[in-house]
Amino acid sequence: MKISVLDQSPVSKGQSAEDALQNSIKLAIEVEKLGYHRYWVAEHHSTTGLSCTSPEIMIGQLASNTKSIRIGSGGVLLPQYSPLKVAENFKMLSAFYPGRIDLGVGRSPGGPEKVRRALTDGTHKSLSAFSRQVSELQSFIHQSFPSDHAYRGIKAGPKVESNPEMWVLGVSERGAKHAAINGVGFTYGHFINANHGEEAIRTYRERFKASVSLQEPKTNVCIFIVCAETQEEAEELALSQDLWLLNVGKGRSTVIPTIEDAKIRTYNQDELDEIKQNRRRAIIGTPSYVKEQLEALSKLYQTDEFLIITNIYDFKAKLKSYRLIAEAIKG
């Protein structure tokens, strides 16, 4: 089983965005030593709690501070951008770090409509154009437009020997179809939606069409994990993630609260029910329990790779969580 990382560069209470971004670099360096396969960074806008607004810049920083781990986006919000510009950004990264760059793209609008309009400079761009954008992005990367395409002959530079590996991120069968018909890898966001992964991945495999990027289907699954030496410790660490997810779901602060904040908070029944539902998107426990649950999900989803996201308050405990997981999986 391959284990990888999805990092949202979260800000913990009392930290700055600069602290969070430096922690991302420290985490990437550490998980590379532990044998993690990939390290992907997310894109968020108009929020104080998630620091990475530009995956392309963050990828360059992470790749320059590591040596072999694959570094990529999870993912670029493609509907807001030009496929040509995204292709050129990632071909540039591939020129500097050949064989190490992943280009994950998502259909998410990136926030409220006002934020999306600001990203597109007021131009209306339909989310329904996503599959066409993925196709054009792939064609720009591989210089593979058909002879009658309007963009044939445009050279997305620089020309590189090793092109970025393409992935589509999704949380439903719709996202799976976009990945399948374009013949690129598919990442299922179990950390967002724990309900439809089996169907989405099955749809992706059934509808997959070989392409210039991939000849066979390729999948991974992203999930929240909090790991500690005892179940009790893992549960306590996860309290900050529980409250953070609750706040995010209600449109409140996206800064990760302390464990003490979570303990003194009074929850009504609806909130307790929501926390319980959110726990379905996560694995929380000891190394042996985490390994057991990942092996079960690997069989369910028919995938051999998991992207792990851990959004807890204590950064040292977060580092330890990733270490314990690696030791359990790698033996």
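Throughout this document, residue positions are counted from 1 along each chain, in the order its sequence is written. Note on the predicted model: pLDDT of at least 70 is required for a residue's local features to be given, and 80 or more for side-chain atom pairs to be given and counted; whole-chain, interface and lining totals, by contrast, use all residues. Note that the side-chain values use all heavy atoms of the structure and ignore hydrogens as well as water.

Asker: Account for helix α5 (residues 130-142), naming residues and giving values.
Answerer: Starting at the N terminus, helices and strands are each numbered in turn, a helix being any DSSP run of H or I of at least four residues and a strand any DSSP run of E of at least two. Residue count minus one, scaled by 1.5 Å, sets the expected span of a helix. Under the 1.5 Å per step criterion, the end-to-end length of α5 is 18 Å for 13 residues, consistent within 8% with the ideal 18 Å. Burial here depends on accessible area, computed with a 1.4 Å probe over protein chains only, as a share of the maximum for the residue type. Under 20% is buried, over 50% is exposed, and the range in between is partly exposed. Within α5, 10 of the 13 residues are buried, which leaves it mostly tucked inside the rest of the structure. Among the residues of α5, Phe130, Ser131, Gln133, Val134, Glu136, Leu137, Gln138, Ser139, Phe140 and Ile141 are the ones counted as buried. Contacts between residues were defined by any pair of non-hydrogen atoms, one from each residue, lying within 4.5 Å. Next to the buried residues of α5 lie α3 (83-96), β4 (101-106), β5 (165-170) and α6 (173-182). Directly after α5, the chain includes Gln143, whose backbone phi takes a positive value near 55 degrees.

Asker: Can you tell me about the pattern of salt bridges, naming the residues and giving the values?
Answerer: A pair is scored as a salt bridge if a Lys or Arg side-chain nitrogen falls within 4 Å of a carboxyl oxygen belonging to Asp or Glu. For the coordinates displayed, the defined rule picks out 16 salt bridges. A salt bridge links Glu305 to Arg38; the nearest nitrogen and oxygen atoms lie 2.7 Å apart. Note that Glu305 is positioned in strand β9 (residues 305-309) and Arg38 in strand β2 (residues 38-41), a separation of 267 residues in sequence. Comparing Glu305 with Arg38 shows no difference in burial state: the two are buried.

Asker: An account of the pairing of β5 is requested, with residue identities and associated values reported.
Answerer: Along β5, 5 of the 6 residues are buried, which leaves the element largely enclosed by surrounding structure. A pair of strands counts as paired when DSSP detects no fewer than two bridges linking them. Examined bridge by bridge, β4 and β5 share 4 bridges and lie parallel to one another. Within the sheet, the bridge partner assigned to Leu103 lies in β5 and is Met166. With 4 bridges joining them, β5 and strand β6 (residues 185-189) adopt parallel strand pairing.

Asker: Before we move on, can you summarise the state of the cysteines with the specific residues and values?
Answerer: Put simply, a disulfide is two cysteine sulfurs that come within 2.5 Å. Summed over the entire model, instances satisfying the criterion amount to 0 disulfides. The closest cysteine sulfur to the non-disulfide-bonded Cys52 is located on Cys222, 15 Å from its own sulfur. Judged by relative accessible area, which is 3%, Cys52 ranks as buried. Note on Cys227: no disulfide assigned, nearest cysteine sulfur contributed by Cys222 at a separation of 16 Å. Look at Cys227 and you get buried, because its relative accessible area is 1%.

Asker: Which residues make up the environment of Ser139, and what values go with them?
Answerer: As for its position among the elements, Ser139 is in helix α5. For Ser139, a relative accessible area of 9% corresponds to the buried category. Taking the C-alpha atoms as reference points, Ser139 and Arg152, separated by 13 residues in sequence, lie 9.1 Å from one another. What Ser139 contacts, discounting residues up to four positions off in sequence, is Ser144 and Phe145.

Asker: So what's going on with helix α2 (residues 55-64)? Residues and values would help.
Answerer: Every α-helical turn comprises 3.6 residues, leaving residues that sit three or four positions apart pointing alike. Counting buried residues in α2 gives 7 out of 10 residues, a clear majority hidden from the surface. Looking only at α2, the buried set comprises Pro55, Glu56, Met58, Ile59, Gly60, Leu62 and Ala63. On its buried face, α2 sits against α1 (17-33), β2, β3 (70-77), α3 and β4.

Asker: Before we move on, can you summarise the packing of aromatic side chains with the specific residues and values?
Answerer: Any Phe, Tyr or Trp ring, taking Trp's six-membered ring, that has another such ring centre within 6.5 Å forms a pair; planes under 30 degrees apart are called stacked, those over 60 apart edge-to-face, and the others tilted. Tallied over the entire structure, the rule returns 11 aromatic pairs. Ring centres of Phe96 and Tyr97 lie 6.3 Å apart, and the angle between their planes is 45 degrees; on these two criteria the pair is classed as tilted. Look at Tyr97 and you get buried, because its relative accessible area is 18%. Aromatic pair Phe140 and Phe145: ring centres 4.8 Å apart, planes at 80 degrees, arrangement edge-to-face. Like Phe140, the residue Phe145 is buried in the burial classification. In textbook terms, an aromatic cluster arises when at least three aromatic residues are bridged by ring pairs, as seen for Phe140, Phe145 and Tyr151.

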